[in-house]
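Summary of the model geometry
Here is how the chains run, residue by residue.
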Amino acid sequence: MPINEKELNCNLFDKLELVERIRREATRGGLEAVMEQLDIEEAAIKRKLYQKLPLVE
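Summarised in this report is the structure supplied together with it. (Residues numbered from 1 in each chain as written. Predicted model: local features only at pLDDT ≥ 70, side-chain atom pairs only at ≥ 80, totals over all residues. Heavy atoms only, no water.)

On the surface, Leu31, Met35 and Leu38 cluster together into a nonpolar patch covering about 300 Å² of accessible area. Within the element layout of this structure, methionine 35 appears in helix α1 (residues 5-50). Exposure remark for methionine 35: the relative accessible area of 43% places this residue in the partly exposed category. (Patch = residues over 30% accessible without salt bridge, like charges linked within 9 Å, V, L, I, M, F, W, Y side chains within 5 Å. Areas by Shrake-Rupley, 256 points an atom, 1.4 Å probe, with all protein chains shown as cover. Salt bridge = Lys/Arg side-chain N within 4 Å of Asp/Glu carboxyl O. Helix = DSSP H or I, 4+ residues; strand = E, 2+ residues; numbered from the N terminus. Buried < 20%, exposed > 50% of the residue type's maximum accessible area, 1.4 Å probe, protein only.)

Let's shift gears to the pattern of salt bridges. Considering all chains together, one arrives at five salt bridges under this definition. Of the charged contacts in the structure, one is a salt bridge between arginine 24 and glutamate 25, with a shortest N-O distance of 3.8 Å. Of the charged contacts, one joins lysine 46 and glutamate 42 as a salt bridge, the two residues approaching to 3.3 Å between their closest N and O atoms. Here the residue lysine 46 and the residue glutamate 42 both occupy positions in helix α1, the gap between them amounting to four residues, near one helical turn. Judged by relative accessible area, lysine 46 falls into the partly exposed class, the value being 42%. Linked by salt bridges that have partners in common, Glu17, Arg21 and Glu41 make up one network.

Below, the discussion takes up α1. Look at α1: only 24 Å from first C-alpha to last across 46 residues, short of the 68 Å you get at 1.5 Å a residue. Approximately 140° is the largest bend angle found in α1, and it occurs at glycine 29. Within α1 the residues assigned to the buried category are Glu25, Ala33, Val34, Gln37 and Glu41. The backbone nitrogen of lysine 6 lies 3.1 Å from a side-chain oxygen of the residue at the head of α1, namely asparagine 4. (Expected span 1.5 Å × (residues − 1). Bend = angle between axes of the 7 residues up to and from the residue. Polar contact = N/O pair within 3.5 Å; in protein donor to acceptor, adjacent residues only side chain to side chain.)

Moving on, we get to the side chain of glutamate 25. Within the secondary structure, glutamate 25 sits in helix α1. Judged by its relative accessible area of 11%, glutamate 25 falls in the buried class. Other than its neighbours up to four places away in sequence, glutamate 25 contacts Gly30, Ala33, Val34 and Gln37. (Contact = heavy atoms within 4.5 Å.)

What follows is the structure in structure tokens.
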């Protein structure tokens, strides 16, 4: 969950960018291009989700 307004805004901007990229691919290449873009986005999300966070001292 977002801790503050700044973090919430960052999450919303990330989602907006995702929608814009998928919309661009739909316009340029149709369903196949959209599916390829979704695979790319899924991989990027999984990398962020499962990354090892730095230890804070």
